[in-house]
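Results of the structural survey
Listed below, chain by chain, are the residues.
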Amino acid sequence: MVSWRSRLVLSIAPLVLTLATLFYAPTLALVYYSFYDRFRGALTVEFYLDVLLNPLYANVIIYSLNIAVITVLATLALTLPVAAYMTLYSRGLERVLLLVVFTTPFWIDFLLRAWALKSLLYMLGVREGFLALILGMIYDYIPFMLLPIYASLARMPPNIVYAARTLGAGALDLWARIIVPYALPGILVGSTLVLLMSLTELVIPTLLGGVRGFTLGPLIYTLILAGDEWSRGAALAIIVTVLSVLTAILAYRRFRGLMF
Amino acid sequence: MAGAEVRFEDVWKSYGRVVALREVTLTAQGGRITVLLGPSGCGKTTLLKIAAGLLQPDRGRVYFNDLDYTDVPAERRDVGMVFQDLALFPHMSVFDNIAFGLRVRGIRGLELERRVKEMLDLVGLDRSFYNRRVTELSGGQQQRVALARALVIEPKVLLLDEPLAHLDYKVKQRLLEEIRRIQRSLRITTIYVTHDQLEAMSVADVVAVMREGSVVQVGPPREVYENPKDLYVASFFGDANIVDSKFAGLNSEGLVALRLEDVILNPNESVDIVYEGVVEDVVFQGAFVSLEVNVNGRVLKLLVPRRDFAREDVSVGSRVRVGWRLSNVRGFNGVMA
């Protein structure tokens with residue numbers, strides 16, 4: 001009789017193997033390449049130094065950060081009212097429908113949606129460029145901001161807004177003292193998610209960015225796959241990954257106390 | 001903090017095709033506790049929310065001291081409300097919860113502190129509670145915070161929506177007394193919604209029995225209990241045996257009500273009607289013993305004081321006599337004793 005424990009191990013083995021071969025092994029290879037000079041056959045940190053000190057890379061990083069921040073702020077401004085409406089005013093069927101309306105488009109492959117968006121923007125007279133890029137980013141990342149905020153707000157006991165109103169709270173007080181505090185965990189999760197993901201986004205900048213679309217994603221892509229600069233590309237990718245993970249950890253630590 | 005008189009005139013409210021309130025005309029007198037009593041779905045909470053300004057009636061008006069408040073929104077109505085689920089702000093401390101209504105009105109600093117502490121004293125919570133998270137408190141303590149939060153703004157009217165619904169019996173009894181005490185000392189108009197008739201009896205100056213959107217009978221608890229207007233009130237407020245009037249000894253048609261405590265076991269005092277029957281069930285309920293006696297196929301329920309029951313040697317299967325005075329038979333619609 002196979003023991004319970006061995007059965008458990010066997011059942012997770014396929015997943016572990018898949019992750020190990022398709023994710024962790026390539027990542028380790030990437031780390032290796034970032035230190036390995038192919039031409040001189042030696043290990044070196046010169047690629048890291050080059051990436052960190054070269055102003056060209058720095059410009060791209062700053063530009064990508066700008067776009068990421070704009071995306072975060074825009075999605076936040078758009079999704080917060082919607083999430084508030086859904087949790088405070090919608091009941092039952094309407095709430096479910098709204099949830100469906102905002103999430104089902106994202107069941108469709110995002111590359112297809114990016115192309116569809118591009119055609120739509122063309123029809124509206126918007127060609128590849130900064131505006132198209134921002135619109136595409138916002139469009140793509142809305143669910144990542146909406147769902148965490150919705151989840152946070154959904155915890156609100158139903159009568160809280162009623163209670164606040166009978167105590168004299170007008171719209172401003174409601175937002176500042178009740179809604180935003182409740183939504184805060186979701187806002188932070190959503191913002192962290194959107195920031196880090198949009199930083200290295202590849203498809204939207206490539207398809208919709210035109211000449212303004214040279215962000216971190218396309219840069220790494222160019223270095224590794226188009227420009228044969230594996231080592232620099234790898235170094236850049238590792239730097240961005242490490243910084244992203246650190247940011248996520250710090251954000252979690254710093255704001256954990258806000259959960260209630 | 002005297003209270004405003006709240007008057008509902010011909011109030012109607014529907015949710016889609018469901019009529020929640022029909023033609024409700026009712027006055028909650030200033031400074032008194034008016035209890036809205038009825039089963040779930042009878043519209044009592046809807047009426048309360050209309051009083052609060054959280055809902056607008058489809059038809060009819062609401063007056064506070066003869067001023068038309070129907071279109072005044074909740075945040076400007078100056079009412080204090082305690083909800084069934086309390087709706088305390090979990091992300092705030094006890095102090096901040098109570099201070100909320102004051103802060104929103106621009107009150108801060110020393111006066112804020114003074115008023116919050118005053119209110120905490122009134123509801124019986126001491127200093128150790130100030131900075132505690134509301135989520136750490138017991139049900140009874142949370143209830144006191146909810147009351148304090150509603151009263152600190154010195155509202156014209158206090159609205160309570162089944163405030164004791166989730167509490168233990170003992171805690172409920174104690175809080176019921178506290179609510180009465182506080183209301184008496186502040187003399188604030190209070191509208192109290194409940195489905196529990198014992199709560200209603202304990203706390204009401206006036207009870208309004210509701211059913212399916214209408215107010216069926218209004219009056220002081222004792223009056224409504226002793227003179228129920230119809231079968232519904234007789235069996236909802238207090239408990240009664242519903243029998244036909246001929247069986248009860250009246251020379252008329254129709255149904256009448258006999259309160260359980262008015263049916264006497266083995267009567268030796270003067271009663272007008274006596275029957276013989278067999279005991280089918282005996283349930284000890286503390287101060288009373290509840291009996292079911294089968295009289296010629298009709299099952300009558302009795303409530304016998306424990307002392308009286310102890311004198312008899314009665315158990316399931318015993319043959320007993322039951323009787324009542326005609327003056328205790330409650331008839332309706334002209335059926336008179």
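Before reading on, note that the structure itself is shown above.
Cut-offs and rules
- Residues numbered from 1 in each chain as written.
- Chains lettered and ligands numbered in written order.
- Predicted model: local features only at pLDDT ≥ 70, side-chain atom pairs only at ≥ 80, totals over all residues.
- Heavy atoms only, no water.
- Helix = DSSP H or I, 4+ residues; strand = E, 2+ residues; numbered from the N terminus.
- Buried < 20%, exposed > 50% of the residue type's maximum accessible area, 1.4 Å probe, protein only.
- Contact = heavy atoms within 4.5 Å.
- Areas by Shrake-Rupley, 256 points an atom, 1.4 Å probe, with all protein chains shown as cover.
- Lys, Arg positive; Asp, Glu negative; His and termini not counted.
- Charge placed at Lys NZ, Arg CZ, Asp CG, Glu CD.
- Core = buried A, V, L, I, M, F, W, Y, C linked by side-chain atoms within 4.5 Å.
- Buried area = accessible area lost by both parts, 1.4 Å probe.
- Salt bridge = Lys/Arg side-chain N within 4 Å of Asp/Glu carboxyl O.
- Nonpolar A, V, L, I, M, F, W, Y, C, P; charged D, E, K, R; others polar.
- Expected span 1.5 Å × (residues − 1).
- Pairing = 2+ DSSP bridges.
- Polar contact = N/O pair within 3.5 Å; in protein donor to acceptor, adjacent residues only side chain to side chain.
- Bend = angle between axes of the 7 residues up to and from the residue.
- Phe/Tyr/Trp six-rings, centres within 6.5 Å; stacked < 30°, edge-to-face > 60°.
- Axes fitted to C-alpha atoms, helices over the stretch in contact; angles between N-to-C directions.

The next thing to look at is the overall build of chain A. Within chain A, the regular secondary structure consists of 11 helices and 2 strands. Along chain A, from the amino end to the carboxyl end, the secondary structure elements read α-β-β-α-α-α-α-α-α-α-α-α-α. Taken along the three principal axes of its C-alpha coordinates, chain A extends 75 × 70 × 35 Å. Counting the 260 residues in chain A, one finds 40% classified as buried. By sequence separation, contacts in chain A at least 24 residues apart represent 72% of the contacts at least 6 residues apart. In the form shown here, chain A has an accessible surface area of approximately 14,800 Å², with 74% of it arising from carbon and sulfur atoms. When the 17 basic and 11 acidic side-chain charges of chain A are each reduced to a single mean position, those positions are 14 Å apart.

In this section: the overall build of chain B. Helix and strand content of chain B: 10 helices and 18 strands. Expressed as lengths along the three principal axes of its C-alpha atoms, the size of chain B is roughly 75 × 45 × 35 Å. Summarising the internal contacts of chain B: among those between residues at least 6 apart in sequence, 63% fall at separations of at least 24. Counting only carbon and sulfur atoms, one obtains 46% of the accessible surface of chain B, whose full area is about 15,400 Å². The centroid of the 44 positive side-chain charges in chain B is displaced by 4 Å from the centroid of its 45 negative side-chain charges.

Residues and elements named next belong to chain B. Positive phi values are uncommon outside glycine, yet A87 reaches one of about 55°. Residue position: A87 is located in the loop between β6 (79-82) and α2 (94-104). The class for A87 is buried, based on a relative accessible area of 1%. Phi at E212 is positive, roughly 45°, even though this residue is not glycine. On the secondary structure map, E212 appears in the loop between β9 (206-211) and β10 (214-219).

What follows deals with the nonpolar core. Counting 98 residues, the largest nonpolar core has I149(A), L153(A), I178(A), V35(B), F100(B), L147(B) and Y192(B) as its most contacted members. Discounting residues that sit within four places of it in the chain, I178(A) has contacts with M156(A), I160(A), A164(A), D173(A), F89(B), H91(B), M92(B) and F100(B).

Accessible area lost on assembly of the parts is the figure often given for the size of an interface. Contact residues are listed per partner, giving 24 residues for chain B and 18 residues for chain A. Counting the surface lost from both chain B and chain A, the interface buries some 1,900 Å², and carbon and sulfur atoms represent 68% of this. If you sort the residues of chain B by the area they bury against chain A, E75(B), H91(B) and F100(B) come out on top, with a joint share of 29%. Between the two partners, chain B and chain A, sit 1 salt bridge. Here E75(B) ties to R165(A) by a salt bridge, and the two come within 2.8 Å at their closest N and O atoms. Taken together, the elements giving at least two residues each to the side of chain B that touches chain A come down to α1 (44-52), β6, α2 and α4 (139-151) of chain B. It is α2(B) that contributes the most residues to the side of chain B that touches chain A, 4 residues altogether. Its residues assigned to classes, the side of chain B that touches chain A shows 15 nonpolar, 3 polar and 6 charged.

Let's shift gears to helix α5 (residues 110-123) of chain A. All names here are of chain A. If you check α5, its first and last C-alpha atoms are 20 Å apart, about what 14 residues at 1.5 Å a residue would give, namely 20 Å. Against α6 (130-153) and α9 (203-208) lie the buried residues of α5. Just past α5, the residue G125 takes up positive phi, approximately 90°.

On to the pairing of β6(B), then. Residue and element names in this part refer to chain B. Side chains V79 and M81 project from β6 onto one buried face, and the interleaved G80 and V82 project onto a second face that is buried too. Sheet topology places β6 next to strand β7 (residues 157-161); 4 bridges connect them, and they run parallel. In the sheet register, V79 faces β7, and the bridge partner there is V157.

With that settled, the discussion passes to the side chain of T189(B). All names here are of chain B. With respect to the helices and strands, the residue T189 is situated in strand β8 (residues 189-194). A distance of 2.6 Å separates a polar atom in the side chain of T189 from the backbone oxygen of A4. If near-sequence neighbours (up to four positions away) are discounted, T189 is found in contact with G3, A4, E5, A28, Q29, G30, G31, R32, K156, V157 and L158.

Before going further, it helps to spend a moment on helix α8 (residues 171-199) of chain A. Each full turn of the α-helix corresponds to 3.6 residues, which orients residues three or four apart in the same direction. The end-to-end C-alpha distance of α8(A) is 35 Å, clearly below the 42 Å that 29 residues give at a rise of 1.5 Å each. Of all the bends found along α8(A), the most pronounced is centred on L184(A) and spans about 50°, while P185(A), a proline, follows it within four residues.

Here we come to the pattern of salt bridges. Residues and elements named next belong to chain B. As enumerated under the stated definition, the model contains 28 salt bridges over all chains in all. For E226, the salt bridge goes to R222, with nearest N and O atoms at 3.1 Å. You can see E226 and its partner R222 sitting in helix α7 (residues 221-226), 4 residues apart, about one turn around the helix. Judged by its relative accessible area of 35%, E226 falls in the partly exposed class. Overlapping salt bridges bring together R7, E9 and D66 as one network.

To continue, consider the packing of aromatic side chains. All names here are of chain B. In this structure the tally under the stated criterion is 16 aromatic pairs over all chains. Ring centres of Y232 and F236 lie 5.7 Å apart, and the angle between their planes is 15°; this geometry places the pair in the stacked category. Remark: F236 and Y232 occur in helix α8 (residues 231-236); sequence separation between them is 4 residues, near one turn of the helix. Overall, F236 belongs to the buried group, its relative accessible area being 18%. For the ring pair Y275 and W324, a centre distance of 5.7 Å and an interplane angle of 35° mean the geometry is tilted. With a gap of 49 residues between them, Y275 in strand β14 (residues 273-285) and W324 in strand β17 (residues 319-324) connect regions that are remote in the sequence.

Before going further, it helps to spend a moment on the sheet that holds strand β18 (residues 329-331) of chain B. Residues and elements named next belong to chain B. Here 3 strands make up an open sheet; going across it, the order is β11-β12-β18 and the pairing antiparallel. Two strands in the sheet have a free side with no partner beyond their single neighbour: β11 (240-244) and β18. Geometrically, the sheet is characterised by an average inter-axis angle of 35° between neighbouring strands, direction not taken into account. By the bridge criterion, 5 bridges tie β11 to strand β12 (residues 255-259) in an arrangement that is antiparallel. Paired with I242 across the two strands is A257, which belongs to β12.

Residues and elements named next belong to chain B. The strand order β13-β17-β14-β15-β16 describes an open sheet built from 5 strands, whose pairing is antiparallel. Both edges of this open sheet fall to β13 (264-265) and β16 (298-305), since each of them pairs with a single strand only. Inspection of the sheet shows β14 paired to β17 by 6 bridges, in the antiparallel sense. Across the sheet, the residue bridging to V274 is G323, located in β17.

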